[in-house]
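Residue-level listing of the chains:
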Amino acid sequence: MLTSVLTLPADCAGLRFDQALARLLPEHSRSRLAAWVKAGKVTLDDAPADAKRKVWGGERVRLDADPAPEETAQQPEAIPLSILHEDAQILVIDKPAGLVVHPGSGNWRGTLLNALLHHAPQLAGVPRAGIVHRLDKDTSGLLVVAKTLPAQTDLVRQLQAHTVRRHYLALAHGRVARDGVVDAPIGRHPSQRTRMAVVGAGRAARTHYRVLERFARATLIECALETGRTHQIRVHMTEIGHPLIGDPVYGPRRKTPADAVADFPRQALHAWRLALTHPASGGEMAWEAPPPEDFARLLAALRASPP
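Everything numeric here is computed off the predicted structure, so don't read it as measured data.

Looking only at helices and strands, one finds six helices and 15 strands in the protein chain. Taking 2.2 N^0.38 as the reference for a compact globule, 307 residues should give roughly 19 Å; the C-alpha atoms of the protein chain span a radius of gyration of 25 Å, well beyond that estimate. Each of the three principal axes of the protein chain carries a C-alpha extent, and together these read 80 × 50 × 35 Å. Here the protein chain, with 307 residues, has 44% of them falling under the buried criterion. In the protein chain, of all internal contacts separated by at least 6 residues, the share reaching a separation of at least 24 is 64%. By element, 52% of the accessible surface of the protein chain is carried by carbon and sulfur atoms, the whole surface being about 15400 Å².

This is how it looks when you write it as structure tokens:
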């Protein structure tokens, strides 16, 4: 609970109360202050506050409000982690689908960052709790986390140099004809701001894909990233006409008969292999994680369907 008891200074005389409150508490946004006043979290001389009331200085203001969610987001939480490797420098985690990596709008708690702070409290002293790259909420698979600032700096440099090898398994709509590379810049969609898209002014993005297995209506592919743009694989596969099965943002809009493909609840994407140079030893290290149960069931259903 955030509690403040203050006295309006004389130079607020003649202002509306909401204007005086904004001057008195500049660390909070006007919209947040207005919401607190409306909710009765602010009193003026021990009476409910009226935002439009004129003040004269000397009035007593009391604020009793919960802090904004973003102000308490970076707290440890006992969330189970699937750890494939841990030493003094790094952690390698197999992230389940549904787990948000970093707190943000609508997901201020229950994230990988909160779990990391509980598992290794010293990560509170490392920016972003050591997180150096992300997976979308509904993408499963491997992530590396730095446990020290020098390790984080080294891993960030490896990512910038494109020497961290990240390989994904994906199930794409349709029959992908051959292996290939998508080299197309990605940026914010010009009219739909929650989506990414291939745009001329976007950041360089390059995805290699390799056909592993074809089915009647889908293809199992392996994707390797040279860059790490937001939604990169999802956008690039959509760009070549093969959006990922289950993708709620970039997948096909048309309705199809209910079956394992149509009902898959998330993008069918799994980060299955990760390779890098250890920040301290300089040795080459690699990990693999098999697809989770839902992905495996979908793959089995595709294999069992008529050709």
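Consecutive side chains along a regular strand alternate between the two faces of the sheet. When strand β5 (residues 83-86) meets strand β6 (residues 90-95), the two strands line up antiparallel, connected through three bridges. Within β6, the position partnered with His85 by the bridge is Val92.

This part takes up the pattern of salt bridges. A full pass over the atoms with the stated rule returns 15 salt bridges. The shortest N-O distance in the salt bridge between Glu86 and Lys147 comes to 2.8 Å. With Glu86 in strand β5 and Lys147 in the loop between β7 (140-146) and α4 (149-160), the pair connects residues that are 61 residues apart, well separated along the chain. Asp183 is the partner of Arg206 in a salt bridge, and the nearest nitrogen-oxygen pair spans 2.7 Å. Placement of Arg206 in strand β12 (residues 206-214) and of Asp183 in strand β9 (residues 180-183) is noted, with a sequence separation of 23 residues between them. Look at Arg206 and you get partly exposed, because its relative accessible area is 28%.

Relative to the elements of secondary structure, His85 occurs in strand β5. Residue class for His85 comes out buried when judged on its relative accessible area of 18%. Separated by 97 residues in sequence, His85 and Val182 place their C-alpha atoms 32 Å apart. Excluding residues that lie within four positions of it along the chain, His85 makes contacts with Ile90, Leu91, Val92, Met285 and Trp287. There is a polar contact of 2.8 Å between the side chain of His85 and the side chain of Asp87.

With that settled, consider the packing of helix α1 (residues 17-24) against helix α2 (residues 30-38). One way to put it is that α1 packs onto α2 with a least axis distance of 10 Å and a crossing angle of 125°. It follows from the interaxial angle that α1 and α2 lie oblique. Relative to α2, the crossing made by α1 is right-handed. Here Phe17, Gln19, Leu21 and Ala22 of α1 come into contact with α2, specifically with Arg30, Leu33 and Val37. Here the contact of α1 with α2 is built from residues that sort into five nonpolar, one polar and one charged.

Turning to α2, a few remarks are in order. One turn of the α-helix equals 3.6 residues, which is why residues spaced by three or four share an orientation. Along α2, the residues that are buried comprise Leu33, Trp36 and Val37. With its buried residues spanning 100° around the axis, α2 presents them on a single face. Exposed residues lying more than 90 degrees from the buried face of α2 are Ser31 and Lys38. Gly40 sits one or two residues past α2 and shows a positive phi near 80°.

Judged by nonpolar contacts, the single largest core of 32 residues is most densely connected at Leu116, Tyr168, Ile221 and Ile233. Contributions of two or more residues to this core are made by β6, α3 (112-119), β7, β8 (165-173), β12, β13 (218-225), α5 (232-239) and β14 (269-277). With four residues, the top contributor of residues to this core is α3. Setting aside residues up to four positions removed in sequence, Leu116 forms contacts with Leu81, Leu91, Ile93, Leu123, Ala129, Ile131 and Val145. Of all hydrophobic cores here, the second largest spans 18 residues; its members include Ala22, Val37, Val42 and Leu44.

We now examine α5. Of all the eight residues making up α5, six are buried; the element is thus mostly covered by neighbouring parts of the structure. Residues Gln232, Ile233, Arg234, Val235, His236 and Met237 constitute the buried set of α5. Backbone geometry just after α5 places Gly241 at a positive phi near 90°.

Positive phi, normally seen in glycine, also occurs at Asp45, with a value near 50°. Mapped onto the fold, Asp45 is located in the loop between β2 (42-44) and β3 (47-48). Residue classification places Asp45 among the partly exposed residues on the basis of a relative accessible area of 40%. With a phi angle near 65°, Asp46 is a residue other than glycine that sits in the positive phi range. Checked against the element boundaries, Asp46 lands in the loop between β2 and β3. According to the relative accessible area criterion, Asp46 is exposed, its value standing at 59%.

Basis of the calculations
Residues numbered from 1 in each chain as written. Predicted model: local features only at pLDDT ≥ 70, side-chain atom pairs only at ≥ 80, totals over all residues. Heavy atoms only, no water. Helix = DSSP H or I, 4+ residues; strand = E, 2+ residues; numbered from the N terminus. Rg over C-alpha atoms; globule rule 2.2 N^0.38 Å. Buried < 20%, exposed > 50% of the residue type's maximum accessible area, 1.4 Å probe, protein only. Contact = heavy atoms within 4.5 Å. Areas by Shrake-Rupley, 256 points an atom, 1.4 Å probe, with all protein chains shown as cover. Pairing = 2+ DSSP bridges. Salt bridge = Lys/Arg side-chain N within 4 Å of Asp/Glu carboxyl O. Polar contact = N/O pair within 3.5 Å; in protein donor to acceptor, adjacent residues only side chain to side chain. Axes fitted to C-alpha atoms, helices over the stretch in contact; angles between N-to-C directions. Parallel < 35°, antiparallel > 145°, perpendicular 65-115°, else oblique. Left-handed = near helix turned anticlockwise from the far one by under 90°. Nonpolar A, V, L, I, M, F, W, Y, C, P; charged D, E, K, R; others polar. Arc of directions from axis to C-beta. Core = buried A, V, L, I, M, F, W, Y, C linked by side-chain atoms within 4.5 Å.

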